[in-house]
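# Fold and contact review
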Amino acid sequence: MSDVRDSGPSAGPRGGRLPRSERRAQLLESALEVFVAQGFHAAAMDDIAERAGVSKPVLYQHFPGKLDLYLALLDASCAAIVDNCRQALASTHDNKQRVAATMDVFYEYVAGDNGAFRLVFESDLNNEPAVRERVDNVTTDCAAMIATVIHDDTGLPDAEARLLAVSLVGMAQVSARFWLAEATGVKSRIKQGDAAALVAGLAWRGIRGYPLTDEH
């Protein structure tokens, strides 16, 4: 952890005087590092303040409690996944490429250096309703967008399109997390792009079996 303390104008880059928005962003960055490393329950506001190089009162000026801070991080992480999924679906009208682009979203997110995916997919706070709701919304929001594409392309009823869409989202996030865990412990690591393409190929072979046309 950093031992830089909040000491007014003479403090280091983390503890110096910053505009409120920049201070909030810096506190969130420090909190993410602590939560990813320690989990919610083991992390303490003291740890986060120390990592940020500020006093604990400064931290509490921005976030009333540890859960508020965690939820702010979770909101940003969940929004990033959903927004990236939306962009992937809008990036092409070729459904095979849409499957590949959507798979890439989850692999890119899981492979991120900051480990933010652990807050969403591996949280030790999933019994907290506010956390569970946000995590569930990632699946439902991404699946809703994918289901629209499936329905429009296949003519399947909405309920069936949603089930297929949820299955694709589950395949993406579970396989991506498995790939990351395996990547550090196997002799022959599958490259990220190759892993995403492999699973995208599996998904496409399944979903293309429902086209309105004969285009495969």
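Just so it is clear, the structure is predicted and the values come from calculations on it, not from any experiment. (Residues numbered from 1 in each chain as written. Predicted model: local features only at pLDDT ≥ 70, side-chain atom pairs only at ≥ 80, totals over all residues. Heavy atoms only, no water.)

## Some thoughts on the packing of aromatic side chains
As a reminder, the rule being used: Between the rings of Phe, Tyr and Trp (Trp by its six-membered ring), a pair exists once the centres lie within 6.5 Å; its type follows the angle of the planes, with under 30 degrees stacked, over 60 edge-to-face, and the other angles tilted. Numbering goes from the N terminus for both helices and strands, where a helix is a DSSP run of H or I of at least four residues and a strand is a run of E of at least two. Relative accessibility under 20% of the residue-type maximum defines a buried residue, over 50% an exposed one, and the middle range a partly exposed one, all with a 1.4 Å probe and only protein chains included. Lysine and arginine charges are scored as sitting over a ring when NZ or CZ, respectively, is within 6 Å of the ring centre and within 35 degrees of the ring normal.
As enumerated under the stated definition, the model contains 5 aromatic pairs in all. Arranged with centres 5.2 Å apart and planes meeting at 80°, the rings of Phe40 and Tyr70 form a pair that is edge-to-face. Taken as a pair, Phe40 in helix α1 (residues 20–42) and Tyr70 in helix α4 (residues 66–90) lie far apart in primary sequence, 30 residues in all. What makes Tyr70 buried here is its relative accessible area of 2%. Ring centres 6.4 Å apart and planes at 90° place the aromatic pair Tyr109 and Phe121 in the edge-to-face group. One end of the pair, Tyr109, is in helix α5 (residues 95–111); the other, Phe121, is in helix α6 (residues 117–121), with 12 residues separating them in the sequence. On the accessibility criterion, Tyr109 (14% relative accessible area) is buried. Every member of this aromatic cluster is reached through a ring pair, and the members are Phe35, Phe40 and Tyr70. Across the ring face of Phe40, the terminal group of Lys66 is positioned such that the distance to the ring centre comes to 4.4 Å.

## A short note on the nonpolar core
In globular proteins that are soluble, nonpolar side chains generally tend to be buried together. The criterion, for reference: Only buried residues count toward a nonpolar core. Its members are Ala, Val, Leu, Ile, Met, Phe, Trp, Tyr and Cys residues joined through side-chain atoms within 4.5 Å. Between two residues, a contact is recorded if the distance between any of their heavy atoms is within 4.5 Å.
In terms of nonpolar packing, the biggest core is built from 69 residues, with Phe35 and Leu69 touching the most fellow members. Counting residues per element, this core draws most heavily on α4, which supplies 12 residues. The residues contacting Phe35, other than those within four sequence positions of it, are Phe40, Ala43, Ile48, Lys66, Leu69, Tyr70, Leu73 and Leu119.

## Thoughts on α5
Quick note on the threshold: What a helix should span is 1.5 Å times the count of its residues minus one.
If you check α5, its first and last C-alpha atoms are 24 Å apart, about what 17 residues at 1.5 Å a residue would give, namely 24 Å. Every buried residue of α5 is accounted for by Asn95, Arg98, Val99, Ala101, Thr102, Met103, Val105, Phe106, Tyr107, Tyr109 and Val110. Considering only its buried residues, α5 is in contact with α4, α6, α7 (129–154), α8 (158–183) and α9 (192–207).

## Considering the UniProt feature "DNA-binding region" (unreviewed entry) in the protein
The following threshold applies: UniProt positions are given in the numbering used here, feature names are shortened, and annotations may be inferred rather than shown by experiment.
UniProt marks residues 44–63 with the feature "DNA-binding region" (unreviewed entry), using the numbering shown here. Measuring from the first to the last C-alpha atom of residues 44–63 gives 13 Å, for a span that is 75% helix and 0% strand.

## Concerning the packing of α5 against α9
Heads up, the rule is: To get an axis, a line is fitted to the C-alpha atoms, and for a helix only the part in contact is used. The angle between two axes follows their N-to-C directions and goes from 0 to 180 degrees. Convention used here: angles under 35 degrees read as roughly parallel, angles over 145 as roughly antiparallel, angles from 65 to 115 as roughly perpendicular, and any remaining angle as oblique. A crossing counts as left-handed when the near helix is turned anticlockwise from the far one by less than a right angle, and as right-handed when that turn is clockwise. Just so you know the grouping, Ala, Val, Leu, Ile, Met, Phe, Trp, Tyr, Cys and Pro go in nonpolar, Asp, Glu, Lys and Arg go in charged, and all remaining residues, Gly too, go in polar.
Viewed as axis vectors pointing N to C, α5 and α9 meet at an angle of 140°, and their least axial separation amounts to 9 Å. Looking at the two axes, α5 sits oblique to α9. Crossing geometry of α5 relative to α9 is assigned as right-handed. Contact with α5, carried on its side by Asn95, Lys96, Val99, Ala100, Met103, Asp104, Tyr107, Glu108 and Ala111, involves Gln192, Ala195, Ala196, Val199, Ala200, Ala203, Trp204 and Ile207 of α9 and no other residues of that element. Taken together, the residues of the contact of α5 with α9 sort by class into 12 nonpolar, 2 polar and 3 charged.

## Remarks on the environment of Ala147
Turning to its location among the elements, Ala147 is positioned in helix α7. As for Ala147 and Glu160, which are separated by 13 residues in sequence, their C-alpha atoms are 8.6 Å apart. Non-local contacts of Ala147, meaning those with residues more than four positions away in its chain, are made with Ala161, Arg162 and Ala165.

## Details of the environment of Tyr60
Position of Tyr60 relative to the elements: it lies in helix α3 (residues 56–62). Setting aside residues up to four positions removed in sequence, Tyr60 forms contacts with Met45 and Gly65.

## Details of the environment of Ala172
Inspection of the secondary structure puts Ala172 in helix α8. In the structure, Ala172 is positioned 27 residues away from Val199 in sequence and 7.6 Å away in space, judged by C-alpha atoms. Every residue in contact with Ala172, bar those within four places of it in the chain, is listed here: Met103, Phe106 and Tyr107.

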